[in-house]
Every structure is written in C-alpha cells, then in structure tokens.
Amino acid sequence: MKRKLSGILTLLLVLVVQISFAQDRTIAGMVTDSEGLPLPGVNVLVKNTNRGTQTDFDGNYSIRASENEILVFSYLGFETIEYPIANLNTINVTLSPDAAELDEVIVQGYRTSTKEKSNIASITVSSESIENRPNASVVQTLSGQVAGLNISTNSGQPGAASVINLRGVNSINGNTQPLFLIDGIPVDESNFRSLNPQDIASISVLKDAGATAIYGNRGANGVVIIETKQGNFDSPLQISATSIISWNKLQDHDYDLNNAPEELGLENLYGSGRGASMSEEEIASAESADWLNHFFRTGITKNNTLSLSSGGERATQFTSLGFYDTQGILKGSDLKRFNFRNNITGKSDNDKFNYGSSVSINYSNSNEPSSIGTGGVNQNFVLGAFQALPYVLPSGYEEWAEAPVASFTATPYMLMDKLKYFKQADEEVKILGSFNANYNFTDYLSASIVMSADYENEIYVQAVPSESFNIALFAETGNDNDGRQTQSSRRVFSYNQVASLNFNESWDKHTLDVGVFTEYFKAHLRSFGYTANGLFSKTFALGDGAGFISDNSQNDWYTDEAFATSRNAGLFSYFGQINYDYDTTYGVGATVRRDASYRFPDANKWGTFYSVSARWNINNEDFMDGSVFDILKLRASHGTAGNQRITGDTYFSGPDLGKSLFASGVGYGGENAIFLSQIGNPSLKWETVTQTNVGVDFEVFNRRLRGSFDAYWKKTEDLFQSMPVSAINATTGINTNIGSLTNQGYDVNLKYDVLRGGPGGFNMDVSFVGNYNKQEFVDLPSETGVIEDIGREGGKFGEIYTIRFAGVNPANGNVLFYTADGDVTETPNTDTDRVWTDKNIYPDYTGSFGINMDYKGFFIQSQFNYAVGGDRFDWDLLGYQDPSSIGTFRHNRDLARAWTPENRVTDIPSLTATNINTYDSDRYLRSTDHLRIRFLGVGYNVPNRFLEPTGFNQLRIFANAENLVTFSEWRGFDVEALQSAQWDYPTPRIISLGVELAF
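Colleague: Could you clarify how one ought to interpret the overall build of the protein chain in this entry?
Modeller: Of regular secondary structure, the protein chain possesses 13 helices and 52 strands. Taken over C-alpha atoms, the radius of gyration comes to 33 Å for the protein chain, in line with the 30 Å a tight globule of 999 residues would show. A principal-axis box enclosing the C-alpha atoms of the protein chain has dimensions of 110 × 70 × 70 Å. The buried share of the protein chain, taken over its 999 residues, is 51%. Looking at the protein chain alone, contacts between residues at least 24 apart form 70% of all its contacts between residues at least 6 apart. When the accessible surface of the protein chain is totalled, it reaches about 43900 Å², and 55% of it is carbon and sulfur. Taking the average location of the 76 positive side-chain charges in the protein chain and that of its 116 negative ones, the two points are 6 Å from each other.

Colleague: Can you help me understand the sheet that holds strand S42 (residues 815–818) in this one?
Modeller: In spatial order, the strands read S41-S42-S43; together these three strands make up an open sheet with antiparallel pairing. Of all the strands in the sheet, the pair left with one neighbour each is strand S41 (804–808) and strand S43 (824–825). Pairing between S42 and S43: two bridges, direction antiparallel. Looking at the pairing, Tyr-818 lines up with Val-824 of S43.

Colleague: Just checking my understanding: could you explain the environment of Tyr-355 for this structure?
Modeller: Along the chain, Tyr-355 falls in strand S21 (residues 353–367). Here Tyr-355 falls in the partly exposed class, since its relative accessible area comes to 29%. If sequence neighbours within four positions are ignored, Tyr-355 has contacts with Ala-315, Ile-344, Thr-345, Gly-346, Lys-347, Phe-435, Asn-436 and Ala-437.

Colleague: I'm lost on helix H10 (residues 411–421) in this one. Help?
Modeller: Each full turn of the α-helix corresponds to 3.6 residues, which orients residues three or four apart in the same direction. Counted residue by residue, H10 has nine buried out of 11 residues, so it is predominantly covered. Of the residues making up H10, those classed as buried are Thr-411, Pro-412, Tyr-413, Met-414, Leu-415, Met-416, Asp-417, Lys-418 and Tyr-421.

Colleague: Help me out: how do you make sense of the packing of aromatic side chains in this one?
Modeller: Each pair of aromatic rings is reported with the distance of its centres and the angle of its planes. Enumeration over the complete set of coordinates arrives at 44 aromatic pairs. Aromatic side chains Phe-797 and Tyr-842 sit 6.2 Å apart centroid to centroid with 20 degrees between the ring planes, which places their arrangement in the stacked category. In this pair, Phe-797 sits in the loop between strand S39 (791–792) and strand S40 (801–802) while Tyr-842 sits in the loop between strand S44 (835–836) and strand S45 (845–855), placing the two residues 45 residues apart along the sequence. The exposure class assigned to Phe-797 is buried, which follows from its relative accessible area of 11%. Against the face of Tyr-324 rests Arg-337, its NZ or CZ located 4.4 Å from the ring centre. Its end group placed over the ring of Phe-422, Lys-418 keeps NZ or CZ at 4.6 Å from the ring centre.

Colleague: Can you walk me through the environment of Ala-86 in this structure?
Modeller: Examined against the element boundaries, Ala-86 turns out to sit in the loop between strand S6 (81–84) and strand S7 (93–95). Each C-alpha atom of the pair Ala-86 and Asn-960 lies 48 Å from the other, and the pair is 874 residues apart in sequence.

Colleague: Please clarify how the side chain of Thr-326 should be interpreted in this entry.
Modeller: For Thr-326, the position within the fold is in strand S19 (residues 315–327). The exposure class of Thr-326 is buried, given its relative accessible area of 4%. Engagement of the side chain of Thr-326 in a polar contact is seen with the side chain of Asn-248, the distance being 3.3 Å. Among the polar contacts made by the side chain of Thr-326, one reaches the side chain of Thr-301 at a distance of 2.5 Å. Setting aside residues up to four positions removed in sequence, Thr-326 forms contacts with Pro-158, Asn-248, Ile-300, Thr-301, Asp-334 and Leu-335.

Colleague: Is there a simple way to explain the sheet that holds strand S16 (residues 223–228) in this structure?
Modeller: Across a sheet, strands are paired by hydrogen bonds formed along the backbone, either parallel or antiparallel in direction. With respect to topology, five strands assemble into an open sheet ordered S10-S15-S16-S13-S14, the strand pairing being mixed. The open sheet has two edge strands, strand S10 (122–126) and strand S14 (185–187), and neither has a second partner. In this sheet, adjacent strand axes meet at a mean angle of 25 degrees when their direction is disregarded. For strand S13 (residues 179–182) and S14, the ladder comprises three bridges, and the chain directions are antiparallel. Residue pairing across strands places Ile-182 opposite Ile-185, the latter belonging to S14.

Colleague: Explain the pattern of salt bridges here, please?
Modeller: Between side chains of opposite charge, a pair can form when the charged atoms approach closely. Summed over the entire model, instances satisfying the criterion amount to 39 salt bridges. For Arg-484, the salt bridge is made with Asp-482, and the minimal N-O distance between the two is 3.6 Å. For Lys-659, the salt bridge is made with Asp-656, and the minimal N-O distance between the two is 3.6 Å. Of the residues examined, Asp-656 reaches a relative accessible area of 27% and is grouped as partly exposed. Here the residues in one salt-bridge network are Arg-218, Glu-519, Arg-593 and Asp-595, joined through shared partners.

Colleague: What is the right way to look at helix H5 (residues 260–270) in this model?
Modeller: Along H5, the residues that are buried comprise Ala-260, Glu-263, Leu-264, Leu-266 and Glu-267. All buried residues of H5 project into a common sector of 155 degrees when viewed along the axis, lining one side. Turning to H5, the residues buried within the fold contact helix H6 (280–284).

Colleague: I would appreciate a short explanation of unusual backbone geometry in the present structure.
Modeller: Backbone phi values are negative for most residues with the exception of glycine, while trans is the configuration of most peptide bonds. Here Phe-701, not a glycine, exhibits a phi torsion of approximately 55 degrees, which is positive. The residue Phe-701 is located in the loop between strand S32 (687–700) and strand S33 (705–717) in this model. Its identity is not glycine, yet Asp-718 carries a phi of approximately 60 degrees, on the positive side. Looking at where Asp-718 falls in the secondary structure, it is placed in the loop between S33 and strand S34 (720–724).

Colleague: What exactly am I supposed to notice about the side chain of Asp-747 here?
Modeller: Positionally, Asp-747 belongs in strand S36 (residues 740–756). Of the polar contacts made by the side chain of Asp-747, one reaches the side chain of Arg-167; its length is 3.0 Å. In terms of polar contacts, Asp-747 uses its side chain to reach the side chain of Lys-207, at 3.2 Å. With residues up to four places along the chain from it excluded, the contact list for Asp-747 reads Ala-147, Gly-148, Arg-167, Lys-207, Ser-708, Phe-709, Asp-710, Tyr-712, Gly-770 and Asn-771.

Colleague: Any chance you could explain the nonpolar core here in plain terms?
Modeller: Inside soluble globular proteins, nonpolar side chains tend to come together where they are buried. Core analysis: the biggest nonpolar cluster contains 41 residues, and Trp-291, Phe-295, Phe-296, Leu-330 and Phe-386 have the highest contact counts within it. Elements supplying a minimum of two residues to this core: H5, helix H7 (291–295), helix H8 (381–387), helix H9 (397–402), H10 and helix H12 (875–881).

Colleague: I'm lost on a nonpolar patch on the surface in this one. Help?
Modeller: Together, Leu-306, Leu-321, Phe-340, Val-359, Ile-361 and Ile-431 give the surface a local cluster of nonpolar side chains, amounting to about 430 Å² of exposed area. Note on placement: Val-359 falls in strand S21. Look at Val-359 and you get partly exposed, because its relative accessible area is 34%.

Colleague: Quick question: what am I supposed to make of the confidence of the model for the protein chain here?
Modeller: Should the pLDDT be low somewhere, the predicted coordinates at that spot are not to be read in detail. In this model, the protein chain carries a mean pLDDT of 88, and residues with pLDDT of at least 70 account for 95%. pLDDT under 50 marks residues 1–22. Its contacts with residues more than four places away, or in other chains, come to zero contacts.

Calculation rules
- Residues numbered from 1 in each chain as written.
- Predicted model: local features only at pLDDT ≥ 70, side-chain atom pairs only at ≥ 80, totals over all residues.
- Heavy atoms only, no water.
- Helix = DSSP H or I, 4+ residues; strand = E, 2+ residues; numbered from the N terminus.
- Rg over C-alpha atoms; globule rule 2.2 N^0.38 Å.
- Buried < 20%, exposed > 50% of the residue type's maximum accessible area, 1.4 Å probe, protein only.
- Contact = heavy atoms within 4.5 Å.
- Areas by Shrake-Rupley, 256 points an atom, 1.4 Å probe, with all protein chains shown as cover.
- Lys, Arg positive; Asp, Glu negative; His and termini not counted.
- Charge placed at Lys NZ, Arg CZ, Asp CG, Glu CD.
- Pairing = 2+ DSSP bridges.
- Phe/Tyr/Trp six-rings, centres within 6.5 Å; stacked < 30°, edge-to-face > 60°.
- Lys NZ or Arg CZ within 6 Å of the ring centre and 35° of its normal.
- Polar contact = N/O pair within 3.5 Å; in protein donor to acceptor, adjacent residues only side chain to side chain.
- Axes fitted to C-alpha atoms, helices over the stretch in contact; angles between N-to-C directions.
- Salt bridge = Lys/Arg side-chain N within 4 Å of Asp/Glu carboxyl O.
- Arc of directions from axis to C-beta.
- Core = buried A, V, L, I, M, F, W, Y, C linked by side-chain atoms within 4.5 Å.
- Patch = residues over 30% accessible without salt bridge, like charges linked within 9 Å, V, L, I, M, F, W, Y side chains within 5 Å.
- pLDDT = per-residue confidence, 0-100.

Set out below in structure tokens:
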C-alpha cells in the first residue's frame with residue numbers, strides 16, 4: 001500500500017513539474033523609443049515577483065515567465081507599460097516619452113514642485129554628477145557645477161573643510177556659508193569628511209528669496225538640500241558594489257627652485273652661509289637633497305561601497321556600507337572612514353499614511369600634521385619641503401641627533417624628528433537620523449512632521465613623546481621628560497523638528513497650495529580636555545594615561561592643565577506659505593516667517609522674514625504655437641532672510657553679545673582684579689539680506705538647447721561690527737549693527753545636445769555654467785568711509801589697501817614705489833601713500849564648461865573650471881626671493897637676474913638693496929585667474945548580452961582625474977584657495993580607476 005501511494009505521489013509530482021514547465025517559458029523581444037531606436041537598460045520585470053532583467057545595448061531582452069503573468073517595462077523619462085503575456089513568445093514594446101517624468105521634480109522650501117510650476121531660482125545636481133568622484137568630501141565635487149556657488153578648499157588634508165559662498169559674501173564677521181540639509185537634517189557645513197558621497201541621490205541649491213526666505217533665520221546665504229538614495233516600490237532586491245583606487249599626487253608649481261650648487265653659488269655671491277667660503281669646484285660638485293620627496297608622497301586611496309535596495313507593495317529600503325581609506329600627499333596625514341546608511345519608506349494600504357526614516361552612522365579617523373601654514377621652522381613640514389637648504393642632506397640626521405642644535409639650517413632635521421615622533425589624530429563618530437510622517441485626512445488636507453537629529457562625538461589627541469630631540473631642544477635645563485599630550489572630547493547634539501498642516505486643492509484650471517508650519521531647533525555642546533606635561537617614554541602610548549608624570553614639589557615642569565566648555569543654542573519659528581497656479585501658465589507664491597534666536601536681547605529676539613514670487617509660462621500661451629520654444633518661463637521673486645550667526649561659524653559662537661561681560665586678570669600692584677571685557681548692546685539684532693531675482697528658463701529646438709538666466713540684487717543690512725569707543729570705557733569697541741553690503745550679478749546655465757544618436761549611437765553635449773558677482777560696501781561706520789582690513793564705502797569686501805610697487809631703480813638696484821599721487825619714490829609714506837587697489841581675493845567671474853560624449857557604451861566626461869578677477873598675495877614667492885634669508889633657506893632662480901651694475905634693467909632688486917624689506921606693497925600681489933581641467937572621466941558600460949551568463953545586470957569600468965592641469969599665471973599650487981597663508985597644505989591631483997557592478 002505504501003509503495004502504491006508513493007508511486008501515485010511521484011506521478012502527481014512529475015505531472016505538476018511538467019505543467020509548470022509548460023507554463024513557464026522564455027519571452028524575448030526588443031524595446032524601442034518612439035523613433036524606432038533601441039533603448040538599452042530598460043527594466044523588464046515580471047509583475048509582483050522578484051524576477052527581472054534589463055535590455056542590452058541593442059534593446060533586446062529575454063526573460064522566463066508564464067502565460068498568466070504580466071511584464072512591466074520601465075525606463076527613466078518614459079512611460080511605464082504593463083504587457084500581458086498570454087500565449088505570446090515574442091513581445092516588442094515601444095516606449096513614449098512621459099511628460100510627467102520629463103517634468104523634473106524641484107525641491108523647494110519644505111515642499112516639492114515640478115519644474116513647470118516652480119517660481120524659484122534653483123539648480124539640481126544628480127547622483128550621476130557626484131558618484132564615483134574620488135574626492136573625500138562631496139562639497140569638493142560640487143565645485144564648478146552650480147552657477148554662483150563658489151567653493152574653495154584651502155588645505156589638501158584629506159577631508160578638509162571647504163569655504164562655500166553662494167552669490168557672493170553676505171557678512172563681514174558672521175557665517176557666510178549656506179544652510180545644508182541632509183534628508184531634512186540641518187548639518188554643520190564645515191564637516192563633510194564623515195559622509196559617503198556614494199549615498200547621495202541629488203543635491204538641490206536654492207538661490208533666491210522665493211526659495212530661502214521660508215528658512216528665515218538660516219536662509220541668508222542660500223540653502224543646499226541633499227537627498228540620499230531610496231529604494232523603489234515593487235522592486236526586487238538590487239545589489240551594487242563600487243570599488244575605486246586613486247593615486248594622489250602633488251600638483252605642479254612654477255617656482256623654479258635652486259639646486260645645491262645654485263644655492264651655494266648664491267651664498268658665495270652674497271657672502272653668507274656655507275657657500276661663502278667654498279671654491280667653485282666644491283660648489284659645482286655639491287650633492288642636492290630632494291626634500292620635496294622626503295616630506296611629500298604619492299598617496300593611495302581605497303574607496304569601496306556596497307548598497308542594497310528593494311521594495312514591496314507597501315515598503316522600500318536602501319542600505320549601504322562604505323569604507324574609505326586615503327593617504328594624504330603630505331606624510332603623516334591620512335583619513336579612514338566607515339559608513340552605514342539605512343533609508344526606509346512606507347505607506348498604508350489606503351495610501352493615507354506615508355512615512356520614512358533615514359539613519360546614517362559614520363566613523364572617521366584622521367591623522368593631521370599641525371602648524372601647517374605657519375612659519376614654524378621646526379613644525380611646518382611644507383616649509384621644510386620647499387625651503388630647506390638643498391645641500392643639507394637627509395643622511396646628516398643621525399649626526400645631528402647625537403648633538404641636536406636648533407638652527408634655521410637644521411630645519412629639515414627638526415622636521416624629520418617631528419615626522420618620526422609627533423602624533424595628532426582626530427577621531428569622530430557622526431550619527432544622522434531623521435523620521436518623517438504624513439497623514440492625508442482628505443484628498444486636499446494633510447498633516448506632516450519631520451524630526452531629525454545630528455550627533456557628533458570627536459576625540460582629539462596630540463602628543464610629542466620625550467624621545468623627540470625636537471622637544472628636548474626647548475626643554476628646561478634638567479628636564480629629561482618634556483614630552484606632552486593634549487587630549488579633548490567634544491560632543492555636539494542638535495535636534496530639529498518641523499510640523500505642518502497642508503491644504504492642496506485643484507478645481508477647473510486652479511490649484512491652491514497652503515501650508516502652516518512650526519520649527520523647533522536645539523543644540524548642545526559639551527567638551528572637556530587636558531594637557532599633560534611630562535611623559536615617561538617607557539610606558540607612554542598615544543591616548544593612554546600610563547606615561548603621565550605626576551607633579552612634584554621641586555618644580556612645575558609636570559603641572560597638568562584642564563579645560564572645558566558647555567554651550568547651548570536654540571531657535572523657534574512659525575511660518576506659512578501659499579502658492580496659486582492657474583492652468584499651469586501663471587503662478588504666484590508668498591511666504592512669511594517669524595523666528596526667535598537665543599543670541600539676541602529680548603527686545604530683538606524675534607525677526608520677521610518674507611518673500612513673494614511669480615512666474616509666467618509663456619510657452620503655454622496660444623501665440624507661442626509653432627515657435628521654436630518648447631519651454632519659455634519668466635520668473636521673479638523678492639524677499640528677505642536672516643543671519644543670526646553674526647559672529648563665528650558655529651551654532652554656539654557669540655551667545656552673549658547683548659550683555660556686558662567682565663574678565664579677571666592682574667590689576668594694580670599685581671593684585672587680582674576684574675575688568676570690563678564687553679559692553680552690552682541691548683539693541684543688537686539680526687543681519688538681514690534682501691534679495692530680488694528675475695530669471696528665465698528655456699528649452700528650444702526640440703529641447704536640444706536648454707538653460708536658464710538669472711539676474712539678482714542682494715543687500716545685507718545691519719551688518720554686525722565692532723564700533724570704536726573711547727578706551728576710557730576699559731574696552732575699545734562695542735558690538736553693533738551698522739553698515740550695508742551689496743552683491744549683484746547674474747547666473748547662466750546652458751546645455752546643448754550637439755549630436756543625438758540615440759541609445760547606442762554617438763551622443764555629444766556641451767554645457768556652460770557661469771556667474772558674475774559685484775560687491776559694494778554702503779554706509780560703513782566711519783567718518784572717512786574707510787575701515788582698514790575690511791573695505792571702503794563703494795568698494796569691495798576685503799579690498800587690498802597698500803603701497804604700489806613700481807619696479808627696480810636702474811641706478812642703484814633699490815625698490816621703487818608709487819606715491820598716492822603717482823610719483824616714483826624709494827621711501828613711500830606708509831600712512832599717506834597706500835591706495836585702494838580695487839582688488840580682493842574673490843573672483844568676479846566663476847563657472848565651468850564641459851563636453852560629454854558616449855558611443856556604444858564608451859563615454860567621456862569633462863569639466864573645465866575657470867575664475868577671473870581674483871587676486872591674492874603669493875607669500876611663498878616672497879620667501880624664495882628674500883635675499884635676507886640667503887644662507888638660511890632655499891631660494892629660486894629668479895635671484896639669478898637680480899640687479900647688478902652689469903644688469904640694470906630687471907624686476908629683481910639688488911641682493912643688497914637698502915629698502916627691500918622695509919615697506920609692505922603689492923609687489924607679491926598676483927592674479928588668480930585660471931582655467932583648470934577640474935574633472936576628466938572615461939569609461940565603458942559592458943553590454944547586457946555579455947553579462948547574461950554572469951548574473952550581473954551592470955558592469956561599468958572607468959578612470960577619472962581631478963585637478964588634472966591648471967593654466968594660470970599663479971606660480972604656486974592652490975590657485976583656487978581663498979587665503980594668502982604661507983606654506984599651506986596643497987590640494988592634490990587625483991587619478992583614479994574604478995569598477996561598478998550591479999546584480
């Protein structure tokens with residue numbers, strides 16, 4: 001009986017399997033666009049299953065499915081089609097452009113809109129322009145991609161913060177950088193080193209008052225909204241992996257430095273240093289040291305990201321893991337980063353309730369050299385790399401270490417010792433989290449809430465052990481344990497919450513959208529640290545207390561120091577917005593916001609900001625029928641936004657500006673005393689930026705040429721400054737709001753499809769991004785209309801005020817200068833002969849242009865950044881041309897053409913000129929105009945037909961270059977930097993290779 005039953009079950013099993021195979025068969029076909037061209041990369045899914053594939057570069061696909069199932073064809077920018085299989089074995093599909101897909105979604109203040117219905121000036125950068133770039137910070141990748149967004153990185157330290165200004169600088173003493181939001185979380189704009197750029201889906205930059213006024217107290221400098229990647233509903237599990245390796249190298253310079261024989265010959269001529277007493281033969285045979293390669297290197301970067309995304313009928317998820325490990329080009333500098341992200345979205349069965357969460361956990365560890373950008377001969381590695389005497393050889397370090405002596409000629413040895421012993425590490429844990437929920441009470445009324453938090457814990461350690469000869473040189477006599485360690489812990493937690501009630505209703509040709517909001521922000525800073533003087537080398541370890549030496553009664557060598565900080569910050573706001581649209585042709589919008597800041601006295605705690613905006617979609621008018629314009633839209637906006645961070649760049653700076661403060665110190669007779677340190681100003685208030693913007697968006701010739709043009713005018717009023725008061729008050733200034741600063745200019749964005757070969761054909765487009773900005777001071781708090789180091793009435797912010805260099809006197813080799821009246825003199829008056837030069841560090845014109853091409857899977861991408869109109873001092877060049885340091889530091893070959901009785905016509909003064917270092921002038925003021933190949937990428941997308949046997953859906957191989965070549969008169973490395981520091985950490989040239997897989 002059992003055998004009979006077993007046989008029946010086997011027969012039934014075979015029958016079921018046969019029926020299954022009869023129903024499950026291979027479906028094949030081609031997907032094309034409306035012009036009959038094949039579409040590669042179209043997603044082909046069996047509905048309500050995890051089975052799917054993509055079309056190859058010829059538009060072909062094949063998939064196994066049964067007759068009662070449905071195939072879903074989807075492709076970005078085209079309609080999604082569902083096709084029942086029935087009894088078909090071949091299904092060819094034509095996809096038409098989807099107007100809704102083509103109408104780009106625009107992220108605005110606390111809402112989204114379509115490009116057609118948007119009234120604001122904004123630009124969105126997609127993930128395709130961000131991912132796979134080898135920069136440690138996503139902010140650096142944005143450079144040149146957004147008109148008016150000027151990004152400068154002043155240091156090549158991996159993960160270094162950048163200076164970001166949108167449409168000029170709006171404040172003298174306060175924060176000038178935009179508000180950054182990541183998935184609704186306000187974040188500190190100075191720290192992006194812990195975030196993984198591969199997680200980013202898009203970045204939207206909001207520029208005009210119509211977009212930023214709704215951010216009120218934080219919108220004065222623009223708003224940058226970063227959205228990270230999400231999963232898709234009804235999507236099978238998709239796994240992608242990216243691996244990139246990069247080589248970081250020092251960029252080129254044009255300082256033309258002396259080798260050892262040349263430097264010794266210069267010393268022989270000048271009569272100073274080792275070369276003064278050497279013969280010509282000895283000088284000619286001198287060996288040269290390459291200190292550049294001793295302190296710099298080719299750094300290696302490894303960047304790996306794994307992501308998983310999926311979605312069911314009611315929920316989606318996106319998860320990513322990242323590891324980034326980079327060596328800085330300066331030895332002793334590096335950055336390691338670990339990232340975890342999880343994004344979830346969901347909705348209820350009736351679609352009334354929607355929710356989403358975003359969690360990012362990031363850990364980074366950065367080793368950073370100290371004292372970079374200073375003149376510390378025993379501290380700054382960059383100074384040693386470029387100005388160490390070339391005839392001082394590394395092999396002499398051991399001999400120096402036996403009897404170390406602090407001297408300028410020993411600079412490289414002291415720095416070698418620091419490189420060996422000095423340690424500085426910055427360890428950071430950064431957690432970002434947000435939760436949003438929306439409930440639709442009716443088809444037109446909904447409520448939503450966004451809650452977000454930013455937690456950052458940073459542990460900083462700097463130590464020099466007692467074995468260091470460098471530190472022993474400066475120790476007290478008899479102190480054999482002069483090592484020291486400084487360690488600090490800094491924790492910052494901020495919470496932000498936005499709650500809203502929204503009304504959106506359409507009838508006939510009318511649409512009305514109204515929202516009312518409240519926003520609450522609170523931030524807390526706690527830090528504690530110490531400096532331990534005296535380390536016992538046999539038990540010392542970095543960050544460990546085992547090597548500390550206790551204080552004793554015989555001396556104060558080992559007295560430790562402690563320090564701590566506690567700060568709180570808070571904001572509260574309520575606001576509303578209204579937007580009206582008529583027939584997708586005319587639109588108006590308005591916002592009003594009330595903000596309270598903890599920084600200001602009660603009388604001025606609250607500020608009110610507003611905006612009005614309007615648009616006219618001219619292309620929808622009947623008289624535009626048959627025109628070349630596919631889109632022609634006129635926009636205008638006017639409004640205000642505030643800056644409550646009127647001093648410093650953090651949430652916590654300047655918390656008591658309206659109060660009178662006192663400080664303790666040493667008074668008469670050496671007794672303890674209390675002094676007035678700040679005069680309170682109960683009238684202190686916000687800086688307010690008023691902005692007007694007029695813009696045009698257009699697409700012509702079947703969308704072949706696309707672009708926008710915006711003209712803007714901004715005025716910052718109530719600038720925060722210190723106004724001079726009589727020293728009889730025990731202080732020389734009082735905090736006040738006085739003066740105005742204007743920025744006006746235009747933005748241009750253009751893109752033109754030169755060739756449209758369709759998918760698999762030859763495609764080429766060119767793009768242009770441009771900005772012009774003019775600054776001008778108004779109402780400066782000075783009787784003369786001038787404040788040194790700031791500017792003059794009618795002039796630029798930071799305009800350079802100095803004596804003008806006139807050349808070299810052919811009669812005696814001295815330096816010549818211009819007086820204020822234009823006469824030539826060797827002895828200018830530093831009080832009366834300085835003039836305003838109409839020059840500052842900020843360029844007038846910035847932007848980029850690029851060419852992109854692809855053909856049968858091969859692609860080339862390029863971006864050329866440019867800047868015109870900036871100037872800054874080249875203090876490095878001054879060091880190379882300074883004859884007073886001959887015999888002490890390295891010089892360049894420019895001094896070979898110095899003035900002599902036989903060489904009277906030259907731009908280099910006599911080595912013995914009597915006034916060469918007497919007067920500050922614009923002699924070393926140099927133009928920073930430049931054109932740079934900012935990015936160049938080449939790669940290949942492997943066709944699907946080659947991937948089918950492997951199980952992969954995508955395989956991309958690529959090579960990228962950042963900062964490849966720079967064309968400029970600037971002779972140094974960082975032409976883009978917005979500072980005039982000496983011997984700073986140069987930004988690197990980066991060459992990378994990568995592979996991207998998806999399955």
